[in-house]
Amino acid sequence: AQKITQTQPGMFVQEKEAVTLDCTYDTSDQSYGLFWYKQPSSGEMIFLIYQGSYDEQNATEGRYSLNFQKARKSANLVISASQLGDSAMYFCAMREGDAGGTSYGKLTFGQGTILTVHP
Amino acid sequence: AAGVIQSPRHLIKEKRETATLKCYPIPRHDTVYWYQQGPGQDPQFLISFYEKMQSDKGSIPDRFSAQQFSDYHSELNMSSLELGDSALYFCASSMGGTQYFGPGTRLLVL
């Protein structure tokens, strides 16, 4: 069974507007971490934001915020004020066995969403 | 800030040849992970090492082996290469927190 599901293969957004990339997950662990990574066409994998399952507040990092709805098992990434440089593939990933943000476990990735920002 | 270093960045091999990929983690990071990303796919976990011991193993073929050395760098050895091994191979490192990825090694098997 797919542990991480990203249902949007592609998304388009106008420059300076906000966009939400969806991510749902499936786990029976109580402690887990959710991550978003950006992969530009050049191929590198860039860490954007982290949310722990016990964090009560939604994570934010600059223009990135994570809309974490634990009961719905969703961890959507919100990018505000989109820029042309935001055009890339975005991966949601989960790490099970997190304890206070610490775990040596592997990441399980979703299929990714390609974001295109139009001028 | 120092990042994860991978070498080589690009590699072209023939079928049945061997390849060695190297990874130098961020200083003081004690854990190294290897991931394989096929064309148009999401990264798949291969293997990880914590303090030079194998800590977890994923869908890594028996033809592949890896180790972490005393200076914490890691090497992924791939033998009897197949066309399907063509992929982007990432190394990531952490200290138990966020995994930071290297730029990847793009392997093409002809």
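From a predicted model like this one, the values you see are computed outputs, not experimental measurements.

1. Topic: the nonpolar core
Core analysis: the largest hydrophobic core is formed by 24 residues, its most contacted members being Y25, L34, W36, I49, L77 and Y90 of chain A. Looking at this core, the elements that each hand over two or more residues are β3 (19-21), β5 (32-39), β6 (46-52), β8 (64-69), β9 (74-79), β10 (88-96) and β12 (113-118) of chain A. The element that contributes the greatest number of residues to this core is β10 of chain A, accounting for 4 residues. Excluding residues within four positions of it along the chain, L34 of chain A makes contact with I4, Y25, I49, Y50, Q51, L66, F68, A75, A93 and M94 of chain A. Of all hydrophobic cores here, the second largest spans 22 residues; its members include A19, L21, C23 and L46 of chain B.

2. Focus on unusual backbone geometry
Most peptide bonds are trans, and most residues other than glycine sit at a negative phi. Residue P8 of chain B is reached from S7 of chain B by a cis peptide bond, and omega for that bond is -10°. Take P8 of chain B: it is sitting in the loop between β1 (5-7) and β2 (10-13). Positive phi, normally seen in glycine, also occurs at A81 of chain A, with a value near 45°. With respect to the helices and strands, the residue A81 of chain A is situated in the loop between β9 and β10. The residue R28 of chain B is not glycine, and still its phi comes out positive at about 75°. Looking at the element boundaries, R28 of chain B is found in the loop between β3 (19-24) and β4 (31-37).

3. A look at the pairing of β8 of chain A
All names here are of chain A. Of the two faces of β8, the one holding Y64, L66 and F68 is buried and the one holding S65, N67 and Q69 is not buried anywhere. Two successive antiparallel strands, strand β7 (residues 60-61) and β8, enclose a turn made up of 2 residues, where G62 displays a positive phi of approximately 60°. Judged from the 6 bridges that link them, β8 and β9 form a sheet pairing that is antiparallel. When the bridges of β9 are listed, L66 appears paired with L77.

4. Side note on the packing of aromatic side chains
Residues and elements named next belong to chain B. A full pass over the atoms with the stated rule returns 16 aromatic pairs over all chains. Centre to centre, the rings of Y35 and F101 are 5.4 Å apart; their planes meet at 35°, and the pair counts as tilted. Highlighted residues: Y35 in strand β4 and F101 in strand β10 (residues 100-101), separated in sequence by 66 residues. Among the residues examined, Y35 registers a relative accessible area of 0% and is labelled buried.

What counts and how
Residues numbered from 1 in each chain as written. Chains lettered and ligands numbered in written order. Predicted model: local features only at pLDDT ≥ 70, side-chain atom pairs only at ≥ 80, totals over all residues. Heavy atoms only, no water. Core = buried A, V, L, I, M, F, W, Y, C linked by side-chain atoms within 4.5 Å. Buried < 20%, exposed > 50% of the residue type's maximum accessible area, 1.4 Å probe, protein only. Helix = DSSP H or I, 4+ residues; strand = E, 2+ residues; numbered from the N terminus. Contact = heavy atoms within 4.5 Å. Pairing = 2+ DSSP bridges. Phe/Tyr/Trp six-rings, centres within 6.5 Å; stacked < 30°, edge-to-face > 60°.

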